Amino acid sequence: MTVTATPSTVRSPAIPIQRIGLGATVLAGIAWILTLPPIMVRTAVPSIVLGIVAAALGTAVLRDPKHRRLGGLAVGLGLIAIPLALAMANQSAANVREVFTWSAVIASGLTFTTPLIFGALGGIISERSGVVNIGLEGMMLMGCYFGIFGADVCHSWLLGIVIGAAAGGLLGLVHAYFSLHLRANQVVSGTAINLLAVGLTGYFFIAQYGDNGTPGTLPQVPNVSVPLLNHIAFVGPAIGAGTNVLTWVGLLLVPVVWWFLFRTRAGLRLRAIGEQPLAASTVGLKVIATRYVAVTVSGMLAAVGGVYLSDGFDGSFNFDMTDGRGFIALAAVIFGKWNPVGALGATILFGFSSALAYRLQTFSQTLGTLFQALPYVLTLIAVAGLIGRSRAPAAAGIPYVKE
Amino acid sequence: MSSPGRLRRAGRGALIPLITVVLAFIAGGLVVLFTGHDPFRTYGAIFDGTGLNYLFPWVGGNTRTIAGFDLQQTLLNAAPLILTGLSVAFAFRVGLFNIGSQGQYTVGAVMAVWIGSIFPNMEPVLHIVLAIAAAAVMGAVWAAVAGWLRAVVGTHEVISTIMLNWIAIWVANYLFQAGGPLQSRSQAGNPVSNTIVSNAHLPVIWGNPLLQGLDAGIFISLAAAVAFWALMNRSTLGYEIRAVGHSPDAARAAGISIARSYVTTMAICGVFAGLAAAVDVLGWEFQLSTGDIATSQVGFLGIAVALLGRNTAIGTVFAALLFGALETGTSVRALNSNVFNPELASQLTLIIEGLVVLLVSTDLIAVRLLGLPAKLGWGRPEQTTEGQPPGAADEAAPDPTEALRPEPSL
């Protein structure tokens, strides 16, 4: 007995762990799409079976510390597939088709993703330089109001973006001044920024526009359709009707910021200052000045996301209209591990779950609302270390004192 | 310590918040001036709206009656603010930043309104106690999650509590929206909870119950403040909490379990926030709508209250009274709209509150204006300097961010 058993325990497993993890993830993916258009199996049973198998395999993979992330992904996807399949199978086919009109889901998903991309990129730049930015929400809100205000006063959406960004940058400058110059507690200062932004935008909004709200005829940030993209299957119909200029700008900024951070000298310096400010200072880098620029740019980016919300999508301003999007962007920064590409993935995930939540309301408002909590639940799971630890820049949150 | 030293410290402790508030009001006044209004008349009208003129003996007649109404309102606003302020302050003392007060308040409110509405014929006192306890326990559980994550996994509580806030808000939205499990059965289509039965209403102690007179909730708040003080200064737990807040490493070396301190502290924070919710919903309105959940700011303002109150029980009470008064004074009901548009004024309140938090986020006033050594109580209460060798406290003082320093990533 022992003789025959020994070789099998010594030998590495027949199938590499990683492949099991990938297989489990694929199974979970199949469990997801089975009940959705265009396949639309009208019973939840196959998805439930696949979901359970994927979760079980994922659990096995989880035990290998090297592949915890993959295992976690498979378990998560597999488990979420089960209620999803149950919900879909219990709905009429027409309802399911209406919610999962893919072109509309993609268009709506991009809408929800855009402000998050700007916010997350802003958050990454600030935190990579070593300044925690809880104030993204407030900076975004500044962009919402001053974007509309600028577009209205200057009769130009472009100047609206500029003025909105300037307002966000100004608030970023305040955060920078308090965090860097006065060495404030950065979380407290960020909290103050959020309160201040709600009050300032609300005050100016009432003082300027009163009860009538922002005028209906404003120069809005336009939609553009890119000629060749129209013809791509699946995605084409969604963006064929035109996608907002700022959505394209946001998507383009992701590789730009990534390239800046990881492939340029300035980006390397920024990261060095966020990790080891003292060492960076020793080799002659200007810690405070760099952080000033980073936090200000952070505020401007978040604010452009806000301009998209008000002047791009809604065409109007409302009190506190960011409604937690700045915090979702912050969550995306953490979820994406302070990397623009990872954060893009997170914003797309969060944006599309918001889009689905919105569309689910057509037949199940309650389910749609629960879906809204998904980004926060996922991020909580992520920071709890279940999907691999995410680690902040080492010096984030610590005031720099020049020796 | 001699008592003059104590007094001087107390005076200094009060001086900085006072200067902070004055500066914030001046800045707010500039915004008023900038938008073409008279700041002095505006602040005068806001003061009259707070009902604090009730305390002036020369105010009589009709004005006095109205002032009485307004003062009841101010105290009503202050009651939950005291509790959320305590909730934030308690965490600061152990070196944690509880941004999650809003979420703990939300889950507490859900429990209070649920327990308060499901038993039609329970004994009044028993029902009130049960609803309050349910809210407190739920708040404690919600907060303890963040404490546990920090203690065991090392997740920074700022991030986890922000996430828990929004989860609480959306789950509460789900429960009370049209078709939600706890939505009112008698008002189909209205996104609101069932109504709390009259047996579970907190008794009104001053004013007309139908006109939202002052209820007994203010006593719960004040009792909680006393409990805060006693727990912090007169109990072993409080000693441990202060020790961990002062220096986790030293506390660990002394045999204090950091993990247990974090979880216990956060749970107690959650109790305060849950009580705030109970006081709120059992005192007035007696139901919860999705709109209430979305617009409530009580938990977030608790941060401002705690910071202005320098994380002490008495300071928190006064800070909550100030913000409660400000809220009343700028409300549509109390502010003379001929002088200043109340809608504008409530935004002004937010600006002033934001400025207060911004100013207390740093040692600006203490260091630049008063020439004092940099020292603020982020989990570093002043009394911990007692019993330390003279040099040690000064050496440790200049870093206000110790609370945010330990390993977890933010």
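Being a predicted model, the structure only gives us computed values, none of them experimental.

A tally of helices and strands in chain B yields 16 helices and two strands. Each of the 410 residues in chain B was classed as buried or not, and the buried ones make up 57%. Long-range pairs, those at least 24 residues apart, make up 73% of the contacts in chain B with a sequence separation of at least 6.

A few words on the environment of B:Ala178. Looking at the element boundaries, B:Ala178 is found in the loop between α6 (157-176) and β1 (204-206). Distance in space between the C-alpha atoms of B:Ala178 and B:Thr74 is 33 Å, their sequence separation being 104 residues. Apart from the residues lying within four places of it in its own chain, the contact partners of B:Ala178 are A:Gln365, B:Gln183, B:Gly189 and B:Pro191.

Moving on, we come to the domain arrangement of chain A. Residues and elements named next belong to chain A. When the domains of chain A are assigned, the result is domain 1 (2-98) and domain 2 (101-383). Placing the centre of domain 1 and that of domain 2 at their C-alpha centroids yields a distance of 34 Å. Listed per partner, the contact involves five residues of domain 1 and four residues of domain 2. Here the residues of the side of domain 1 that touches domain 2 are counted per class, giving one nonpolar, two polar and two charged.

Once that is clear, we can look at the nonpolar core. In this structure, A:Ala332, B:Ala112, B:Ala135, B:Phe272, B:Leu275 and B:Ala278 are the most contacted members of the largest nonpolar core, which totals 218 residues. Once residues lying within four places of it in the same chain are set aside, the contact partners of B:Phe272 are B:Leu83, B:Leu86, B:Ser87, B:Phe90 and B:Ala224.

The next subject is the interface of chain A and chain B. Contact residues are listed per partner, giving 44 residues for chain A and 46 residues for chain B. Mapped by element, the contributors of at least two residues to the side of chain A that touches chain B are α9 (186-209), α15 (325-335), α17 (365-372) and α18 (374-383) of chain A. Looking at the side of chain A that touches chain B, the element that brings in the most residues is α9(A), giving 14 residues. Across the side of chain A that touches chain B, the residue classes tally to 28 nonpolar, 14 polar and two charged.

All names here are of chain B. Closest axis-to-axis distance for the helix α7 (residues 217-234)/helix α10 (residues 258-283) pair is 9 Å, and the angle between their directions is 165 degrees. By the angle between their axes, α7 is roughly antiparallel relative to α10. Remark: the crossing between α7 and α10 carries left-handed chirality. Only Phe272, Leu275, Val279 and Gly283 of α10 make contact with α7, whose side of the interface consists of Gly217, Ile220, Ser221 and Ala224. Looking at the contact of α7 with α10 residue by residue, the classes come out as five nonpolar, three polar and no charged.

This next bit is on the packing of α15(A) against α18(A). Residues and elements named next belong to chain A. The contact between α15 and α18 brings their axes to 10 Å, and the two run at 35 degrees. Crossing hand, α15 versus α18: left-handed. On α18, the residues touching Ile328, Ala331, Ile334 and Phe335 of α15 are Pro375, Tyr376, Leu378, Thr379, Ala382 and Val383. Across the contact of α15 with α18, the residue classes tally to nine nonpolar, one polar and no charged.

This next bit is on helix α12 (residues 265-275) of chain A. What sets the pattern is the α-helix's 3.6 residues per turn: residues three or four places apart point alike. Listed in full, the buried residues belonging to α12(A) are A:Leu270, A:Ala272, A:Ile273 and A:Gly274. Packed against the buried residues of α12(A) are α6 (102-128), α11 (245-263), α13 (277-282) and α14 (287-314) of chain A.

With that out of the way, let us pick up unusual backbone geometry. In this structure, A:Asp320 takes a positive phi of about 50 degrees despite not being glycine. On the secondary structure map, A:Asp320 appears in the loop between α14 and α15. Since 18 C-beta atoms lie within 10 Å of it, A:Asp320 is described here as partly exposed. With a phi angle near 55 degrees, B:Gln212 is a residue other than glycine that sits in the positive phi range. Taking the number of C-beta atoms within 10 Å as the measure of exposure, B:Gln212 has 17 and is therefore partly exposed.

All right, on to the environment of A:Pro399 then. All names here are of chain A. Within the element layout of this structure, proline 399 appears in the segment after α18. Accessibility expressed as a C-beta count within 10 Å gives 22 for proline 399, which makes it buried. As a C-alpha pair, proline 399 and leucine 182 span 217 residues in sequence and 8.9 Å in three-dimensional space.

As a further point, take the confidence of the model for chain B. Residues and elements named next belong to chain B. Overall, the predicted model of chain B reaches an average pLDDT of 84, with 87% of residues at or above 70. Low pLDDT, under 50, characterises residues 374-409; the stretch is placed with 69 contacts to residues that sit more than four places away or in other chains. Among the scores for the predicted complex, ipTM is 0.83 and pTM is 0.85.

In this structure, A:Ala331 sits in helix α15. Taking the number of C-beta atoms within 10 Å as the measure of exposure, A:Ala331 has 30 and is therefore buried. With 47 residues separating them along the chain, A:Ala331 and A:Leu378 place their C-alpha atoms 9.1 Å apart. Apart from residues no more than four positions distant in its own chain, A:Ala331 is found in contact with A:Pro375, A:Tyr376, A:Thr379 and B:Met163.

About the criteria used
Residues numbered from 1 in each chain as written. Chains lettered and ligands numbered in written order. Predicted model: local features only at pLDDT ≥ 70, side-chain atom pairs only at ≥ 80, totals over all residues. Helix = DSSP H or I, 4+ residues; strand = E, 2+ residues; numbered from the N terminus. Buried ≥ 20, exposed ≤ 12 C-beta atoms within 10 Å, placed from the backbone. Contact = placed C-beta atoms within 7 Å. Domains from an automatic or database assignment. Nonpolar A, V, L, I, M, F, W, Y, C, P; charged D, E, K, R; others polar. Core = buried A, V, L, I, M, F, W, Y, C linked by C-beta atoms within 7 Å. Axes fitted to C-alpha atoms, helices over the stretch in contact; angles between N-to-C directions. Parallel < 35°, antiparallel > 145°, perpendicular 65-115°, else oblique. Left-handed = near helix turned anticlockwise from the far one by under 90°. pLDDT = per-residue confidence, 0-100.

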